[in-house]
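# Understanding the architecture of this molecule
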Amino acid sequence: MMAPTRNGVWAAIRHILLIAGAIVMLLPFVWMISTASKPPSEVFSSELHLIPRQFALWDNLEIAFAKANLWRFLLNGVIVTVSIFALQVLVALPAAYALAKLRFIGRNALFALVLFGILIPPQATAIPVFLLLHKLGVLDSYAALVLPFTISVFGIFLMRQFFRNVPDDLVDAARMDGISEFGIVWRVMLPAAIPAVTAFGIFSVVAHWNDYFWPLIVLNSEHLRTPPLAVAHFRNAEAGTNYGALMAAAMVIIAPLLVAFLFAQRRFVEGIALTGIK
């Protein structure tokens, strides 16, 4: 009789800790929405309250869209993140298939290099990559934002782990049907790896949508600015101390990521879970 009670207590403690952690994680977003919904008089009030006494979200959104070309910045974010993700999948799937299903000399050494590549931060290679793009004459363009990230070592690792769980009999049957190795990648492995691709897509889109460091280095033109640069510029040049409009602009920038995750969350969890199965 004691074991169920003890298990129930530990389950309650785990749920309490998870709820507390969720509150800590969500509190900045709740405060952002609260600030975006307040007029300036309440934002700078000495009294702290989450629920605004005067709802001013639409006014703040109107100011944000009037003072900054948010639609253009959102479009830039979509172009850059979708292009990067498409090219990463184009490279990662064949590479992962080769590391998981093909037998050749040096396969384990190549996989070790992939694991080593995960440990290298992008800031460590920023200067040589910048100089290379300068020599190519593609700075201050979409190409400068996309090309350095076309190869994702994390994507290769994630897909390789998923492909290891695909039965070899399925690959052998495709070969017996006369399908080439590249055909197997796109006609057999890709449909089976949709959960892993979705999970990787969430990681890739979030990382590059929120990237501030690299666009700040390679961009000069205002019309090419990505969402994080746009918010920083809006804060410095347009919003000033109008934090209600600034938080409204931040809400607009974050909204696409939230919507994308809500639609892909089931596949995301499934893909992460399946890549850990031996």
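The structure we're discussing is the one just above.
Residues numbered from 1 in each chain as written. Predicted model: local features only at pLDDT ≥ 70, side-chain atom pairs only at ≥ 80, totals over all residues. Heavy atoms only, no water.

### Quick notes on the packing of aromatic side chains
In this structure the tally under the stated criterion is seven aromatic pairs. With a centroid separation of 5.3 Å and an interplanar angle of 40 degrees, the aromatic rings of Phe-65 and Trp-71 are classed as tilted. Residue class for Phe-65 comes out partly exposed when judged on its relative accessible area of 28%. The exposure class assigned to Trp-71 is exposed, which follows from its relative accessible area of 60%. Members of the aromatic cluster, each reached through a chain of ring pairs, are Phe-85, Phe-154, Phe-200 and Phe-203. (Phe/Tyr/Trp six-rings, centres within 6.5 Å; stacked < 30°, edge-to-face > 60°. Buried < 20%, exposed > 50% of the residue type's maximum accessible area, 1.4 Å probe, protein only.)

### With respect to the side chain of Lys-38
Tracing the backbone shows Lys-38 in the loop between helix 1 (2–36) and helix 2 (40–43). In this structure Lys-38 is buried but unpaired, with Glu-42 as the nearest side chain of opposite charge at 5.6 Å. For Lys-38, the contacting residues outside a window of four places in its chain are Trp-31, Val-43, His-49, Leu-50, Pro-52, Gln-54, Ala-56, Asn-60 and Gly-244. (Helix = DSSP H or I, 4+ residues; strand = E, 2+ residues; numbered from the N terminus. Lys, Arg positive; Asp, Glu negative; His and termini not counted. Salt bridge = Lys/Arg side-chain N within 4 Å of Asp/Glu carboxyl O. Contact = heavy atoms within 4.5 Å.)

### Re a nonpolar patch on the surface
On the surface, a nonpolar cluster with roughly 1,000 Å² of combined accessible area is contributed by Met-25, Leu-26, Leu-27, Phe-29, Val-30, Trp-31, Leu-48, Leu-50, Ile-51 and Ile-254. Take the nonpolar patch: its biggest share by element is six residues, from helix 1. As for its position among the elements, Met-25 is in helix 1. Residue Met-25 is classed as exposed on the basis of its relative accessible area of 59%. (Patch = residues over 30% accessible without salt bridge, like charges linked within 9 Å, V, L, I, M, F, W, Y side chains within 5 Å. Areas by Shrake-Rupley, 256 points an atom, 1.4 Å probe, with all protein chains shown as cover.)

### Re unusual backbone geometry
One non-glycine residue, Asp-140, lies in positive phi territory at about 60 degrees. Topologically, Asp-140 is positioned in the loop between helix 6 (126–136) and helix 7 (142–146).

### Remarks on the environment of His-134
Structurally, His-134 is set in helix 6. The sequence separation of His-134 and Ala-248 amounts to 114 residues, and the corresponding C-alpha distance is 36 Å.

### Concerning the packing of helix 5 (residues 107–118) against helix 8 (residues 153–163)
It is the contact of helix 5 with helix 8, at a shortest axis distance of 8 Å, that shows an interaxial angle of 130 degrees. The orientation of helix 5 with respect to helix 8, classified from their angle, is oblique. In terms of crossing hand, the pair formed by helix 5 and helix 8 is left-handed. Contacts from Phe-111, Val-114, Leu-115, Gly-117 and Ile-118 of helix 5 reach helix 8 at Val-153, Phe-154, Ile-156, Phe-157, Arg-160 and Gln-161. For the contact of helix 5 with helix 8, the class distribution of residues is eight nonpolar, two polar and one charged. (Axes fitted to C-alpha atoms, helices over the stretch in contact; angles between N-to-C directions. Parallel < 35°, antiparallel > 145°, perpendicular 65-115°, else oblique. Left-handed = near helix turned anticlockwise from the far one by under 90°. Nonpolar A, V, L, I, M, F, W, Y, C, P; charged D, E, K, R; others polar.)

### Concerning the packing of helix 4 (residues 70–101) against helix 10 (residues 181–192)
Where helix 4 contacts helix 10, the axes come no closer than 10 Å and their chain directions differ by 100 degrees. Regarding the angle of helix 4 to helix 10, the classification is roughly perpendicular. Facing helix 4, whose interface residues are Val-89, Leu-90, Leu-93, Pro-94, Tyr-97 and Lys-101, helix 10 presents Glu-181, Phe-182, Ile-184, Val-185, Trp-186, Met-189 and Leu-190. For the contact of helix 4 with helix 10, the residue count by class is eleven nonpolar, no polar and two charged.

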